[in-house]
Amino acid sequence: MIPATMLTNALLVGAVLFCLGLVGILTRRNLIVMFLSAELMLQGVSVTLVAWSRYHGDWGGQILVVFVLTVAACEAAVALVFVLQAFARTGRLDASAWQALREENLPRVIDQELPADDRVVPTWPHLSPAGVLPEGDDSRSLERDHV
Amino acid sequence: MDPVSTATATPSGLLLAGSVAALAASLWLLLPKASDTVASRRLGYLLGAVALVGFAATGRSLGCVGEDAVFLTVAGIAVISGLATIVTRSPVYSAIWFAMTLAGVSGVLLVLGAQFLGVATIVVYAGAILVMFLFVLMLAQPSGMAPYDRVSNEPMLAAAAGAVLLGLLTLSIGRLSAAEPPSCCRMPSRAQAVAAAAPADGAAAKDDGSTTLIAPATAGGDTGDANEVAHLGAELFGRHLFAVEVAGVLLLVALVGAIAVVSRGEATETDHRRDSR
C-alpha cells in the first residue's frame, strides 16, 4: 500500500496527462496525432486507476488497467485500418478532409496561406560508403530532408 | 471545513488561478499555428515551465505533493514529454515523444509498486502499438510533415478548456487530501489497522507518528510484495477469468474485423454475374 501523499501525487500526474491528451485531441488535425492524444488520455486514466488500487490495497484497479491495455491494442488495430482507408480515399491524414460530414450550422475550415517553413534542415550523419554502389535510379532519392 | 484550510485557501487559490492562466497561455503559444515564430514558441516553453512549477507548488500548498525524488523525476519526464507530444509539429517526433511519455508513465507505475503493469506498458504500448503508429505514419506520409500539421483547430479555446479542467481536477484532488487532516503524515485507515495488528517490530519509533509515512510493504500481503506478479495473475485468472475470456474474444474480433475491412477481396462468381448483367 502507498501513503496518501503518493496517492495524490499520482492522481495529479494522471490529471495532467489526461488534460494534455484532451487538448491534443481537440486541436490537432493529423489523425495519427489525434490518436496518440487519445492514448495519452488512456495513460492518465491508467495512472489514476493504479494509484487508487495501490492505495486501497485492492487488485481491481490494476486488473482494469490490464483490460485497458487489451482494449487499447484492439482499438489501435481497428482504428489504424480506418485511418488507412481514409488515407486511401483522400490522400491526406487530415481530419478536416472529412469536413463535408460536419454539422450544418458549423463553419467550414478554410486553410489559410502558411508562411515559409522556418525550421533548420537537419544535417544527417554521413556514413562512409562500403561495398559496391548498387545501380539505382538517381532521380528518386530515398532520403528525406525532414521528418 | 477546518479554519486552516480556509486560511490557506486564498493564496493557493491565487496560485492555482495563475498556474491555470500560465498553462492556457503556454498551450496556446505552443500549439501549431500559422502565426508561429521562434520567439513565441520560446515564450510558450517559458510559460509552460512556469505553469509546471506553479501546479507543483499549488499541489504542495494543498498538501498533496511529496518529496520522493524518483517519483518527481519520472513524473516530470511523463508530463513534459506529454506536452511535447501534443505540441510537436512533426507527427513522427510526436510519436517519439509519446514513447518517452510511456517510459515516464512506466516509471510512475513502478514507483507505485505495480511491477507487471510498468513492464507491460513498455512492452505492449511502446513495443507494439507505437510501432504500429510509426508504420502507418511512414506509409501514409513518406514526405514528412504536411501543411495540416502546422495548423490546429481552435487552439485558444481548447487550451483554455484543458487548463481549466486541470485546475478543477487539482482543486478536487486537494480537497481529497484535505479531507483527511493531516494528509502528509497519515496512512489509509486500512493500512493503519494492518500495521496495528502486525507485531511491533516496525512500530518501535511510533511516538512522533512520522514513521507511519513508510507503508508496511509486506504487512498487507495483498499488493506490493515480492510476489506481486504472481498475485496479480492469480487474481486475473481466478476472479476475473470470464473477463479474460471476453477480452480474448474481443482481440479475435478486432483481428478479423481489421482484416475484413482492409482487404477488398477477390471478385467472386456472383460479383461477375452481377457486373455483367
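None of the values given here were measured: they were computed from a predicted structure.

Colleague: Describe the overall build of chain B, with residues and values.
Modeller: Of the regular secondary structure elements, chain B holds 11 helices and zero strands. Evaluated residue by residue, chain B yields a buried proportion of 33% over its 277 residues. Of the contacts made within chain B by residues no fewer than 6 positions apart, 69% connect residues no fewer than 24 positions apart.

Colleague: Just give me the short version of the environment of Ala 24 of chain B, but keep the residues and values in it.
Modeller: All names here are of chain B. The topology assignment puts Ala 24 in helix α2 (residues 9-30). Spatially, the C-alpha atoms of Ala 24 and Ala 159 are 5.0 Å apart, while their sequence positions differ by 135 residues. With sequence-adjacent residues up to four places away left out, Ala 24 is seen in contact with Ala 159, Ala 160 and Ala 163.

Colleague: Account for the interface of chain A and chain B, naming residues and giving values.
Modeller: A common way to report how large an interface is uses the accessible area buried once the components associate. Every contact between the two is made by 72 residues of chain A and, on the other side, 91 residues of chain B. When contributions to the side of chain A that touches chain B are tallied by element, the ones reaching two or more residues are α1 (4-27), α2 (31-56) and α3 (60-90) of chain A. Counting residues per element, the side of chain A that touches chain B draws most heavily on α3 of chain A, at 20 residues. In terms of residue class, the side of chain A that touches chain B is made up of 49 nonpolar, 15 polar and eight charged.

Colleague: An account of the confidence of the model for chain A is requested, with residue identities and associated values reported.
Modeller: Within chain A, residue pLDDT values average 85, and 90% of them lie at 70 or more. Here α3 of chain A stands out as the least confident element of chain A, with mean pLDDT 91; α2 of chain A is the most confident, with 93.

Colleague: Which residues make up the environment of Asp 111 of chain A, and what values go with them?
Modeller: Tracing the sequence through the fold places Asp 111 of chain A in the segment after α3. Residue Asp 111 of chain A is classed as exposed on the basis of its 12 C-beta neighbours within 10 Å.

Colleague: A description of the nonpolar core should follow, citing residues and the corresponding values.
Modeller: Among the nonpolar cores identified, the biggest contains 84 residues, and Val 13 and Ile 32 of chain A together with Val 108 and Leu 112 of chain B are the most heavily contacted of them. A total of 16 residues in this core trace back to one element, the largest contributor, which is α1 of chain A. When near neighbours in sequence (up to four residues on either side) are disregarded, Ile 32 of chain A contacts Val 83 and Leu 93 of chain A together with Pro 91, Phe 133, Val 136 and Leu 137 of chain B.

Colleague: Go over the packing of α3 of chain A against helix α10 (residues 241-262) of chain B with me, naming the residues and quoting the values.
Modeller: One way to put it is that α3 of chain A packs onto α10 of chain B with a least axis distance of 10 Å and a crossing angle of 10°. Between α3 of chain A and α10 of chain B, the crossing angle belongs to the class labelled roughly parallel. Each of Phe 67, Thr 70, Val 71, Cys 74, Ala 77, Val 78, Val 81, Leu 84 and Gln 85 of chain A in α3 of chain A lies in contact with α10 of chain B, whose residues at this interface are Ala 243, Ala 247, Leu 250, Leu 251, Ala 254, Leu 255, Gly 257, Ala 258, Val 261 and Val 262 of chain B. Taken together, the residues of the contact of α3 of chain A with α10 of chain B break down into 16 nonpolar, three polar and no charged.

Colleague: For the packing of helix α4 (residues 69-87) of chain B against helix α5 (residues 91-112) of chain B, give the residues involved together with the corresponding values.
Modeller: Residues and elements named next belong to chain B. With their axes 8 Å apart at the nearest point, α4 and α5 run at an angle of 155° to one another. It follows from the interaxial angle that α4 and α5 lie roughly antiparallel. Note that α4 runs across α5; the crossing there is left-handed. Two secondary-structure elements touch here, α4 through Val 70, Phe 71, Val 74, Ala 75, Ile 77, Ala 78, Ser 81, Gly 82, Ala 84 and Thr 85 and α5 through Ser 94, Trp 97, Phe 98, Met 100, Thr 101, Ala 103, Gly 104, Val 105, Gly 107, Val 108 and Val 111. Of the residues assigned to the contact of α4 with α5, the class counts are 14 nonpolar, seven polar and no charged.

About the thresholds
Residues numbered from 1 in each chain as written. Chains lettered and ligands numbered in written order. Predicted model: local features only at pLDDT ≥ 70, side-chain atom pairs only at ≥ 80, totals over all residues. Helix = DSSP H or I, 4+ residues; strand = E, 2+ residues; numbered from the N terminus. Buried ≥ 20, exposed ≤ 12 C-beta atoms within 10 Å, placed from the backbone. Contact = placed C-beta atoms within 7 Å. Nonpolar A, V, L, I, M, F, W, Y, C, P; charged D, E, K, R; others polar. pLDDT = per-residue confidence, 0-100. Core = buried A, V, L, I, M, F, W, Y, C linked by C-beta atoms within 7 Å. Axes fitted to C-alpha atoms, helices over the stretch in contact; angles between N-to-C directions. Parallel < 35°, antiparallel > 145°, perpendicular 65-115°, else oblique. Left-handed = near helix turned anticlockwise from the far one by under 90°.

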